[in-house]
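Structural features, examined
The chain contents come next:
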Protein chains: 4
Amino acid sequence: MADKIRVTVWNEFRHEKNNDAVKKVYPDGMHVVIAKALAAQPDIETRTATLDEPEHGLTEEVLAATDVLTWWGHTAHGEVEDEIVTRVQTRVLEGMGLIVLHSGHFSKIFRKLMGTNCSLKWREAAEKERLWNLEPGHPITEGIGEYFELPNVEMYGERFDIPTPDKVIFVSWFEGGEVFRSGCCFERGHGHIFYFRPGHETFPIYYNEDVQRVLVNAVRWARARVALTDACPNVKSIEPIEPKEVDFGKAGKAGTAPQ
Amino acid sequence: MADKIRVTVWNEFRHEKNNDAVKKVYPDGMHVVIAKALAAQPDIETRTATLDEPEHGLTEEVLAATDVLTWWGHTAHGEVEDEIVTRVQTRVLEGMGLIVLHSGHFSKIFRKLMGTNCSLKWREAAEKERLWNLEPGHPITEGIGEYFELPNVEMYGERFDIPTPDKVIFVSWFEGGEVFRSGCCFERGHGHIFYFRPGHETFPIYYNEDVQRVLVNAVRWARARVALTDACPNVKSIEPIEPKEVDFGKAGKAGTAPQ
Amino acid sequence: MADKIRVTVWNEFRHEKNNDAVKKVYPDGMHVVIAKALAAQPDIETRTATLDEPEHGLTEEVLAATDVLTWWGHTAHGEVEDEIVTRVQTRVLEGMGLIVLHSGHFSKIFRKLMGTNCSLKWREAAEKERLWNLEPGHPITEGIGEYFELPNVEMYGERFDIPTPDKVIFVSWFEGGEVFRSGCCFERGHGHIFYFRPGHETFPIYYNEDVQRVLVNAVRWARARVALTDACPNVKSIEPIEPKEVDFGKAGKAGTAPQ
Amino acid sequence: MADKIRVTVWNEFRHEKNNDAVKKVYPDGMHVVIAKALAAQPDIETRTATLDEPEHGLTEEVLAATDVLTWWGHTAHGEVEDEIVTRVQTRVLEGMGLIVLHSGHFSKIFRKLMGTNCSLKWREAAEKERLWNLEPGHPITEGIGEYFELPNVEMYGERFDIPTPDKVIFVSWFEGGEVFRSGCCFERGHGHIFYFRPGHETFPIYYNEDVQRVLVNAVRWARARVALTDACPNVKSIEPIEPKEVDFGKAGKAGTAPQ
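None of these values were measured; they are calculated from a predicted model.

Per the secondary structure count, chain A includes eight helices and nine strands. The proportion of buried residues among the 259 residues of chain A is 63%. Residue pairs in contact within chain A that sit at least 24 positions apart in sequence constitute 71% of those at least 6 positions apart. Just so you have it, chain A exposes about 9,300 Å², and 48% of that area is on carbon and sulfur atoms. Side-chain charges of chain A comprise 30 positive and 40 negative groups, with the mean position of each set lying 2 Å from the other.

Here is the structure:
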C-alpha cells in the first residue's frame, strides 16, 4: 500500500487561548479539530504546528516530511517571520501542497505565492452561505452534491484580489447579497494550492461534515508528488552552434548600431 | 486626441559604466536606446530612471505619473530596496503596466508578482534565436510576421518557473537545441504584465527593429486604464439578514460540536 | 479618425411577432433596441439581421463587413442552418468578435465554438439579480460600479457547462438562491467571444442603462483587429536537415521494432 | 484493489492495410502496438476499435465501458460518421478521457471539442525532434527527464490553432527550425483531454519507450472519475422570492421603455 499523505495542520492558535467565545467552540484549538477530521481517513496522517512554537513549528525537518500544509491565521499574520514564510514558499514551489483557510487569505504565505493583495469585502452577521459546486467531476468535490450550505458564517465578498485561478471549484451565495469564489485551485512551481473560504473562530465551521469532506479531498488533490528544486543553471548546448562573429550590423539592421 | 502613454524606462545602468564591451554597444545606457525607440511613436512619451538615483528614480510622484514601467536589471537585483519593490508592486496592482526584459526575470519585482522562483537555463554562445509568433491576432504582435530572428543571443531555456501565463505570445527556437516561452502575458490586480525575453548587454538586441516593434506594441497593450486601490472593507448587507441564534448543532450536524 | 466598428445585431425575431407579451416590450424586435443603443455611440455603426431573411441575413458579404456580431436566439436554435453556423464560426476564428446574449447559450454557434453542452439551470420567477463586477479594470466594465442590479429576471444557475473562461467578468447573485458566471470572455482562433447573461423577451432588460453600457464596452473589446485564415501548409525547413536513413532500431530502442 | 482503467484504442487502420511501408512498421495495425504497450501495465486493460467496424467499433456499450479513448486518424477523418462523433463527444463531456494522437489534430472529434480549426504547419523530412518537459511535476511526465528525443519525425509547427490549453506539458524543438506545443491538457465538461503530438505511420514512434511512458501516464491522468450528464433543468427557488409586479419602468430606468 502507498505511504500515507503526511499533513501538517498549522494554526495561529491565539484566539482560542485569549477569547472565551472562541475557546468554547475550539477548546483545544482549531488545528486539533481539523487534524482529527483528516486523520480519520486511512490514507492520511497528521501533525500540528502553531505560531508560538520555535520556528512556528515549521522547521526544515517538519516541512521536508510534509506532503500538504494547511494554514489558518487571522489576527497575527504580521508575527509570522519572513524567513519561515520563504521556507514554506520554497517547499510549495518544490511540490508540497498548501491549503489556505478562510482568513488565511491575508497571510504572508498566500500573498507571497499569489503576488497580489488578496483583499476582499467582509461582514460578520451570522448569515447563511450556500456554496455552489461548479466542478462536480473534480477530485475536490467528490461526495459533494450540487451545493452545500452553512447556516451561520462570516461573509466574504468579491472582488477577491487574486490572479485568475486555474479552476474555480465553489462560488458562494450569501444571504446578505454578495457572491465569492470560495474554492480556488492554483499551481505554483510544482506545488498545488487550494484556497477554501469556509471557516471562522466562533462559528463551528470545521465541525461541518461537508467542510471536512472538502478538506480531505483537497489534501488528496494537493499532496506532493515530487520534490524538485529549480535552479538557474548555465548549460552546454545540445546541438552544435556555428562559430561566428557577432554581427552588430545585422542585429541592428533596423536601427542604427552605435560605433 | 487622447493623452500620450507615459512610460518610465528603468535600467540598472551599471555594466554600461563598468564594462567596456557593454559601453561600446550602449554608450549612454540601455535605457536611452529603449526610451528613444518608444518615444519615436506619436502616442508615447518617456522618462528614464536608474538604480543609482535617489529612490532608484521611482518616487511616488514618478510612479503616479507612469502608465507603463519597463524593467531591465541584471547584476544588481539585490540592491533594489524592498520598499521600492513594494511600491512598484502596489502600482502594478492598481493598474500600471509592467514590461519585464530579459534578465529581469530574476528581478525582485517580477518574482514578487509571480510568486515563483522564475529560474531558467542559460548559455552565452552568440547563437541564433527564432521567435515564433503564436498569437498573430494579439495587439503585441501587430506588424510581426510568423516569426522573427535574432542572429546572436544569450540562450534562455525551459523550464521557466513561472505561473501558467494567461497567454504565451512567442516561443523561441535556439540553435543549440532549447526552446523558451519568450513572450508571456499576465494580469495581476488591475495591471498588465508582459515578460519579453530578448535582450542582452553586449548583443545589440534593443536596436533590432522587430524587438522595438514588440516593445511599442507591449506598451500599448499594458498601459494603465485604471488606478484602483483594493482595500478590505467591512461592508453592510444589501439584502436583509434574518436575525437568528447561531445554531451550533446544525452547523456541526455531521461532526460533534463541543460542549 | 479610425473607422467605426461595424456591428451586426442578429436576432431570431420570432416571439416578437408571435407573442403579444413580447411584442409589447419589443414592438420592432429586440435587435432594433440593441442596435439603437449601440449606434448611439460615435465609434459604432450597426446593421441588423434576422433568422427569416435569406441566409439568415448572414451572407458572406455581410460577415466580411462585420467586426462584431451579437447573437440572440431562443426558441428556434434548430432552424439556423448548419452551413451558416460554420460560416460564422470561420469568421470568428479569423478574428470577428462575437457577443452571445442570454438564451444564446444554447445556440448552435456558441456550442460549436465552446465544444461543450452549454447547459445550465433556469427559472422564470421575475426575481432580482445582482451582477458583481469581478474585473473593475477590464474594458468591458468601464463605467460599471461594484455591481449593478436587474429587478426582474429569468434566473440562470450553475453549473454552466462551458470551458473555463479566460476571464470571468461578472458573477450574479439571484434572489432565489443561485449564482452564475454572467459575463465570460473567451478567445477562439483570432476572435474574441463574450457571453453576457442578461436578457429576456418579456423583461425589458435591453433598455437597462448598465446592460447597454456593458454591450457597448463588449463591442469595443471584441472588435476584429485582424482577418487571418489559418491553413495547414506543408512547409520547407528553415534550418538545414541532416540527410539520414530512418533508424528504426534507434527510434524503437526501448520497444522492439518489427522486422 | 481498484478496478483497472478500461482503455479503448481507436485506429483508422487504413494505411497499415494499403501501404507497404506502413505495413512494415505496423503489420497488425498501430492500435495493436499502442494497446500492447498500455496493457503491459497492471492497472490498465485495453480493447481496440477501428473505422471499418460497424459503428466504427464505438457502440454505446463500448463507450459506456471505456474510461479513456485514444484516437489515431489520418487519411479518412471525413469517413467518421457525425453521429458517432457526437456520441464520443457526449461521453467525453460526461467524464471519459480522450487522448488525441498526432494527425488526430484534424479529426472531427478533436475539432468538435476544441471549437477551432486545429490547423498547423507540417513537413516530412525525417528530422530530429526534442520534446522539452515544461511540467516535471505533472502526472503525465512521471519518469520523463528534462527532455526526450525522437530521431526521425514528421514536423508539426506553430501556429497550432487551439484554444489556450489549461496546461502545456511539452514544447518541441525541431531540427528544421520550428517549435510546437506537443503535449496539451484540456478539460471539457467533466472529461480530460490530452493532445500528444508524436506519432507517424512509417516512423516507429509508438515503439519508443518515452512515448509509451507518456501514453501510460496520460491514460492514468485522463481516466474517467465520474459519468455525469448535464441537463438544462427548470428549477424551483431555494430562497423565497418576493412576489412583485414586473416593473418595466424600473428596469428600463435608464432607457425608455416602449408603450
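By the definition in use, this model includes 54 aromatic pairs over all chains. For the ring pair Trp132 of chain A and Tyr147 of chain A, a centre distance of 4.9 Å and an interplane angle of 50° mean the geometry is tilted. Placement of Trp132 of chain A in strand β5 (residues 121–133) and of Tyr147 of chain A in strand β6 (residues 147–157) is noted, with a sequence separation of 15 residues between them. Judged by its relative accessible area of 31%, Tyr147 of chain A is partly exposed. Counting every residue linked through ring pairs, the aromatic cluster contains Phe110, Tyr156, Phe160, Phe180, Phe186 and Tyr195 of chain A. The residue whose ring lies beneath Arg111 of chain D is Phe106 of chain D, and the NZ or CZ to ring-centre distance is 4.5 Å.

With that out of the way, let us pick up the pairing of strand β4 (residues 97–101) of chain A. Residues and elements named next belong to chain A. Where burial is concerned, most of β4 is hidden: five out of the five residues are buried. Alternating positions in β4 separate into two faces, Gly97, Ile99 and Leu101 on one and Leu98 and Val100 on the other, with burial throughout. Pairing analysis gives four bridges linking strand β3 (residues 68–72) to β4, with the strands arranged parallel. Residue Val68 lies in a different strand from β4, and its bridge partner there is Gly97. Inspection of the sheet shows β4 paired to strand β9 (residues 191–196) by four bridges, in the parallel sense. When the sheet's bridge partners are listed, Ile99 is paired in β9 with Phe194.

After a rotation of 180° and a shift along the axis of 0.0 Å, chain D superposes on chain C with an RMSD of 0.0 Å. Such a turn and shift between the copies fits a two-fold axis. Residue Gly115 of chain D, judged by its C-alpha, is the member of chain D lying nearest the rotation axis, at 2.6 Å.

All told, the structure shown has 92 salt bridges over all chains when counted by the stated rule. We note a salt bridge from Glu60 of chain B to Arg87 of chain B, for which the minimum N-O separation is 3.7 Å. Taken as a pair, Glu60 of chain B in helix α4 (residues 60–64) and Arg87 of chain B in helix α5 (residues 82–94) lie far apart in primary sequence, 27 residues in all. Residue classification places Arg87 of chain B among the buried positions, given a relative accessible area of 12%. Where Glu187 of chain B meets Lys167 of chain C, a salt bridge forms, and the shortest distance between an N and an O atom there is 3.3 Å.

Residue and element names in this part refer to chain B. Within the open sheet, the nine strands sit side by side as β2-β1-β3-β4-β9-β8-β7-β5-β6. Their pairing is mixed. Looking at strand neighbours, the two that pair on one side only are β2 (44–50) and β6 (147–157), the edges of this open sheet. Strand-to-strand twist across the sheet, computed as the mean angle between neighbouring axes with direction ignored, equals 25°. Packed onto the sheet, α5 meets β3 (68–72), β4 (97–101), β8 (179–188) and β9 (191–196) and runs at close to 115° relative to β9. Against the sheet, helix α7 (residues 209–222) engages β1 (5–11), β2, β3, β4, β6, β7 (167–174), β8 and β9, with an angle of about 165° to β9.

Before going further, it helps to examine the side chain of Asn152 of chain D. Along the chain, Asn152 of chain D falls in strand β6 (residues 147–157). Within polar-contact distance, the side chain of Asn152 of chain D engages the backbone oxygen of Ala126 of chain D at 3.1 Å.

The next subject is the packing of helix α3 (residues 30–39) of chain A against helix α7 (residues 209–222) of chain A. All names here are of chain A. Two numbers describe how α3 lies on α7: the axes approach to 9 Å, and their chain directions differ by 70°. On the basis of their axis angle, the class for α3 and α7 is roughly perpendicular. Classified by chirality, the crossing of α7 by α3 is right-handed. Across the interface between the two elements, Ile34, Ala37 and Leu38 of α3 pack against Gln212, Leu215, Val216 and Val219 of α7. For the contact of α3 with α7, the class distribution of residues is six nonpolar, one polar and no charged.

With that settled, the discussion passes to the relation of the copies chain D and chain B. Here the second copy of the chain follows from the first by a rotation about an axis and a shift along it. Relative to chain B, chain D is turned by 180° and slid 0.0 Å along the rotation axis, the superposed coordinates differing by an RMSD of 0.0 Å. A symmetric contact is evident, with 100% of the interface residues of chain D recurring at the interface of chain B.

All right, on to the interface of chain D and chain B then. The interface of chain D with chain B comprises 22 residues on the first partner and 22 residues on the second. Taking both partners together, chain D and chain B bury about 1,700 Å²; carbon and sulfur atoms supply 60% of that area. Three residues, Trp132, Leu134 and Trp173 of chain D, lead the burial of chain D against chain B; their summed loss comes to 30% of the area buried on that side. At the boundary of chain D with chain B, the tally comes to two salt bridges. Taking the shortest distance from any N to any O, the salt bridge between Glu146 of chain B and Lys121 of chain D comes out at 3.6 Å. Counting the contacts that link chain D with chain B gives ten residue pairs in polar contact (both at pLDDT 80 or more). For the side of chain D that touches chain B, the elements supplying multiple residues, two or more each, are β5 (121–133), β7 (167–174) and β8 (179–188) of chain D. Among the elements that make up the side of chain D that touches chain B, the one with the highest residue count is β7 of chain D (five residues). Across the side of chain D that touches chain B, the residue classes tally to seven nonpolar, four polar and eleven charged.

On to the sheet that holds strand β7 (residues 167–174) of chain C. All names here are of chain C. Pairing in this open sheet of nine strands is mixed, and the strands run β2-β1-β3-β4-β9-β8-β7-β5-β6 from one edge to the other. One side of each edge strand has no neighbouring strand; the edge strands of this open sheet are β2 (44–50) and β6 (147–157). Put simply, the sheet's adjacent strands are angled 25° from each other on average, direction ignored. Of the strands in this sheet, β1 (5–11), β2, β3 (68–72) and β4 (97–101) touch helix α3 (residues 30–39), which is tilted by about 170° from β2.

A common way to express how large an interface is: the accessible area buried when the components associate. Counting from both sides, the interface comprises 68 residues of chain D and, opposite them, 68 residues of chain C. Buried area between chain D and chain C, summed over both chains or domains, comes out near 5,400 Å², and the portion from carbon and sulfur atoms is 60%. There are two salt bridges connecting chain D and chain C. The partner of Arg159 of chain D in a salt bridge is Asp230 of chain C, and the shortest N-O contact between them spans 2.6 Å. Linking chain D with chain C are 26 residue pairs in polar contact (both at pLDDT 80 or more).

This brings us to the environment of Ile109 of chain C. All names here are of chain C. Structurally, the position occupied by Ile109 is in helix α6 (residues 108–114). Judged by its relative accessible area of 1%, Ile109 is buried. With 38 residues separating them along the chain, Ile109 and Trp71 place their C-alpha atoms 9.0 Å apart. Not counting residues up to four positions away in its chain, the partners in contact with Ile109 are Trp71, Val85, Val88, Gln89 and Leu98.

On to α3 of chain A, then. What α3 of chain A keeps buried is the set Met30, His31, Val33, Ile34, Ala35, Ala37 and Leu38 of chain A. Each element contacted by the buried residues of α3 of chain A is listed here: β1 (5–11), α1 (15–18), β2 (44–50), β3, β4 and α7 of chain A.

This next bit is on unusual backbone geometry. Residues and elements named next belong to chain B. A cis amide bond links Glu158 with the next residue in sequence, Arg159, at an omega value of 10°. By the secondary structure assignment, Arg159 is in the loop between β6 and β7. Its identity as a non-glycine residue notwithstanding, His102 has a phi of 45°, on the positive side. Mapped onto the secondary structure, His102 falls in the loop between β4 and α6 (108–114).

Residue and element names in this part refer to chain C. Mapped onto the elements of the fold, Leu38 is located in helix α3. Between the C-alpha atoms of Leu38 and Glu175, which are 137 residues apart in sequence, the distance is 30 Å. With residues up to four places along the chain from it excluded, the contact list for Leu38 reads Val7, Val9, Ile44, Thr46, Leu215, Val216 and Val219.

What follows is about the confidence of the model for chain A. Low pLDDT means the predicted atomic positions in that stretch should not be read closely. Residues and elements named next belong to chain A. Counting all residues, the mean pLDDT for chain A is 94, and 94% of those residues have values of 70 or more. Taken as a whole, residues 249–259 scores under 50 in pLDDT and shows 17 contacts with residues more than four places along the chain or in a different chain. The complex model carries a pTM of 0.96, and its ipTM stands at 0.94.

Let us now look at the side chain of His138 of chain A. By secondary structure assignment, the location of His138 of chain A is in the loop between β5 and β6. Discounting chain neighbours no more than four positions away, the residues touching His138 of chain A are Lys167, Ile169, Cys185 and Trp221 of chain A.

Calculation criteria
Residues numbered from 1 in each chain as written. Chains lettered and ligands numbered in written order. Predicted model: local features only at pLDDT ≥ 70, side-chain atom pairs only at ≥ 80, totals over all residues. Heavy atoms only, no water. Helix = DSSP H or I, 4+ residues; strand = E, 2+ residues; numbered from the N terminus. Buried < 20%, exposed > 50% of the residue type's maximum accessible area, 1.4 Å probe, protein only. Contact = heavy atoms within 4.5 Å. Areas by Shrake-Rupley, 256 points an atom, 1.4 Å probe, with all protein chains shown as cover. Lys, Arg positive; Asp, Glu negative; His and termini not counted. Charge placed at Lys NZ, Arg CZ, Asp CG, Glu CD. Phe/Tyr/Trp six-rings, centres within 6.5 Å; stacked < 30°, edge-to-face > 60°. Lys NZ or Arg CZ within 6 Å of the ring centre and 35° of its normal. Pairing = 2+ DSSP bridges. Least-squares fit on C-alpha atoms with pLDDT ≥ 70 in both. Salt bridge = Lys/Arg side-chain N within 4 Å of Asp/Glu carboxyl O. Axes fitted to C-alpha atoms, helices over the stretch in contact; angles between N-to-C directions. Polar contact = N/O pair within 3.5 Å; in protein donor to acceptor, adjacent residues only side chain to side chain. Parallel < 35°, antiparallel > 145°, perpendicular 65-115°, else oblique. Left-handed = near helix turned anticlockwise from the far one by under 90°. Nonpolar A, V, L, I, M, F, W, Y, C, P; charged D, E, K, R; others polar. Buried area = accessible area lost by both parts, 1.4 Å probe. pLDDT = per-residue confidence, 0-100.

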